[in-house]
Amino acid sequence: MNGNGISRPAVVVIGASRGIGKAIAEVAAREGATVVLVARSPEALAAAAADLGNTARSVFTLALDLMAEGAARRLEAFLSENDLVCDVLVNSAGYGLRGGAAVMPLDEQLGIVDLNIRALTELTLRFLPGMVARGRGGVINLGSVASFTPGPFMALYYASKGFVRSFSEALHEEVHRTGVTVTCVAPGPVSTEFLERSGANRAALFKVLPKLDSEYVAECAWRGFKKRRRLVIPGLSSKLAIALTALVPSAVLLPLIARLQRRSKDPCPCGSGKAYIACCAVRRRSAQ
Ligand SMILES: NC(=O)c1ccc[n+]([C@@H]2O[C@H](COP(=O)([O-])OP(=O)(O)OC[C@H]3O[C@@H](n4cnc5c(N)ncnc54)[C@H](OP(=O)(O)O)[C@@H]3O)[C@@H](O)[C@H]2O)c1
């Protein structure tokens, strides 16, 4: 606590060591906010804090794996030890996996549920009551254009983002009259390590779609949150992609997404261990 017995409000960014989270931390820091950067790698966090330089009034870093047991409680303890309160929570940590759900490792797929859904939900629900009691601040949750449709061959990722959008939009409606804002940000592909790590950039869909800059997405997210928006869709390309998913019937859209996200060299979803092109693709062609 400071001399008045009041904790300092902080912008707490989960997934702040790189990508969109880091860019949002930079925008908040430029406005003079106290920022808390959270991610797993201490080295990457130190580099991100150094990049913020003197722009932030204060920068704190916490190396934390949000998938670990008790992680949210550790974050709460860290904030109170440093006389901080979570004024704005930014949930940007998240990952995806491209490939057949029937053949990808189970644990890696369930990790998407743990991080993109469970950790985001726990953090939001832990900090929201304090925000409502203070009548200010809020939550920025990173969704995606993927939240608007099922996504065969990235099934869990798209489903996790569907959850994030539904949860965030509902919370916005519940709390916005209290002075608290919950904003879901739904960008299309953004040039970050996410695309390489998830394997998305090897799929035709992500080769054709234009890529947004993380700085641009961060500016849109922060501005939209300040304007107390429920949903922020950065860039025309993201808006067009969402409009398309609304217009095209699922019977057409889902096979199209499957085709654009599957690679013929991927392991066949039937589990034969062969490449798709040498397995079910051949059977489908000969059956036609
Ligand atoms: N890039 C895109 O095309 C795109 C498009 C739409 C939506 N999004 C969403 O936007 C969000 C940010 O994506 P990004 O592109 O910035 O990804 P990114 O570049 O891969 O950054 C992810 C951040 O999350 C942290 N992180 C990952 N696992 C964590 C864990 N278990 N505990 C704590 N921190 C963890 C990473 O640091 P450590 O590895 O050091 O922990 C890193 O700081 C994600 O939710 C993603 O789904 C991305």
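Rules behind the numbers
- Residues numbered from 1 in each chain as written.
- Predicted model: local features only at pLDDT ≥ 70, side-chain atom pairs only at ≥ 80, totals over all residues.
- Heavy atoms only, no water.
- Helix = DSSP H or I, 4+ residues; strand = E, 2+ residues; numbered from the N terminus.
- Rg over C-alpha atoms; globule rule 2.2 N^0.38 Å.
- Buried < 20%, exposed > 50% of the residue type's maximum accessible area, 1.4 Å probe, protein only.
- Contact = heavy atoms within 4.5 Å.
- Areas by Shrake-Rupley, 256 points an atom, 1.4 Å probe, with all protein chains shown as cover.
- Lys, Arg positive; Asp, Glu negative; His and termini not counted.
- Charge placed at Lys NZ, Arg CZ, Asp CG, Glu CD.
- Phe/Tyr/Trp six-rings, centres within 6.5 Å; stacked < 30°, edge-to-face > 60°.
- Axes fitted to C-alpha atoms, helices over the stretch in contact; angles between N-to-C directions.
- Left-handed = near helix turned anticlockwise from the far one by under 90°.
- Nonpolar A, V, L, I, M, F, W, Y, C, P; charged D, E, K, R; others polar.
- Pairing = 2+ DSSP bridges.
- Near = heavy atom within 4 Å.
- Polar contact = N/O pair within 3.5 Å; in protein donor to acceptor, adjacent residues only side chain to side chain.
- Expected span 1.5 Å × (residues − 1).
- Bend = angle between axes of the 7 residues up to and from the residue.

Caption draft 1: Representation of the overall build of the protein chain within the structure. Within the protein chain, the regular secondary structure consists of 11 helices and seven strands. For the protein chain, the C-alpha radius of gyration of 20 Å lies close to 19 Å, the compact-globule estimate for 288 residues. Taking all 288 residues of the protein chain together, the buried fraction comes to 49%. At a minimum sequence separation of 6, the contacts of the protein chain that also span at least 24 residues come to 68%. Counting every atom, the protein chain has about 13,600 Å² of accessible surface; 56% of that belongs to carbon and sulfur. Of the side-chain charges in the protein chain, 35 are positive and 23 negative, and the distance between the mean point of each set is 9 Å.

Caption draft 2: Here's a closer look at the environment of Pro152. With respect to the secondary-structure elements, Pro152 resides in the loop between strand 5 (138-142) and helix 5 (155-175). Relative accessible area serves as the criterion here: at 21%, Pro152 is assigned to the partly exposed category. Each C-alpha atom of the pair Pro152 and Ala25 lies 33 Å from the other, and the pair is 127 residues apart in sequence.

Caption draft 3: Highlighting the side chain of Glu169. Residue placement: Glu169 occurs in helix 5. Once you skip the residues sitting within four places of it in the chain, Glu169 turns out to touch Arg230 and Leu231.

Caption draft 4: Looking closely at the packing of aromatic side chains. Within the structure shown, the criterion is met by five aromatic pairs. Aromatic side chains Tyr157 and Tyr158 sit 6.5 Å apart centroid to centroid with 85 degrees between the ring planes, which places their arrangement in the edge-to-face category. Tyr157 sits in the buried class, given a relative accessible area of 10%. An angle of 45 degrees between the planes, with centres 5.2 Å apart, marks the rings of Tyr157 and Phe194 as tilted. Of this pair, Tyr157 sits in helix 5 while Phe194 sits in helix 6 (residues 193-198); the two residues are 37 residues apart in sequence, bridging distant segments of the chain.

Caption draft 5: Looking closely at the packing of helix 1 (residues 19-30) against helix 2 (residues 42-52). Axis separation between helix 1 and helix 2 bottoms out at 10 Å; the angle between their running directions is 30 degrees. For the crossing formed where helix 1 meets helix 2, the hand is right-handed. Where helix 1 abuts helix 2, its residues Lys22, Ala25, Glu26 and Ala29 lie against Ala48, Asp51 and Leu52. Of the residues assigned to the contact of helix 1 with helix 2, the class counts are four nonpolar, no polar and three charged.

Caption draft 6: Fine view of the sheet that holds strand 4 (residues 84-91). On the basis of which strands lie adjacent, the open sheet formed by seven strands has the order 3-2-1-4-5-6-7 and parallel pairing. Since the sheet does not close on itself, it has two edges, and those belong to strand 3 (58-63) and strand 7 (231-232), each with one partner. Relative to strand 3, strand 2 (residues 34-39) runs parallel, the two being bridged by six bridges. Looking across to strand 3, one finds that Val35 is bridged to Val59.

Caption draft 7: Region of the structure containing the site of the ligand. Residues in close proximity to the ligand total 30 residues, the closest being Ser17, Arg40, Tyr157, Val190 and Thr192. In this structure, an oxygen atom belonging to the ligand sits 3.4 Å away from a main-chain N or O atom of Gly15. Between the ligand and Asp65, the relevant distance is 2.8 Å, taken from a nitrogen atom to a side-chain nitrogen or oxygen of the residue. For the ligand, the accessible surface in isolation is 880 Å², of which the surrounding protein chains cover 97%. At the level of elements, helix 1, helix 5 and helix 6 are the ones that each hand at least two residues to the shell around the ligand. Among the elements that make up the shell around the ligand, the one with the highest residue count is helix 6 (three residues). Residues belonging to the shell around the ligand are distributed by class as follows: 15 nonpolar, 10 polar and five charged.

Caption draft 8: Region of the structure containing the environment of Met154. Checked against the element boundaries, Met154 lands in the loop between strand 5 and helix 5. Assessed through its relative accessible area of 1%, Met154 is described here as buried. Linking Met154 and Ala258, residues 104 residues apart in sequence, is a C-alpha distance of 8.8 Å. For Met154, the residues in contact, after removing those within four places along its chain, are Leu97, Arg98, Gly99, Ser198, Ala200, Phe206 and Gln261.

Caption draft 9: Just helix 4 (residues 106-134), in detail. Given a rise of 1.5 Å per residue, 29 residues ought to cover 42 Å, and the 41 Å separating the end C-alpha atoms of helix 4 matches this to within 8%. Of all the bends found along helix 4, the most pronounced is centred on Leu128 and spans about 30 degrees, while Pro129, a proline, follows it within four residues.

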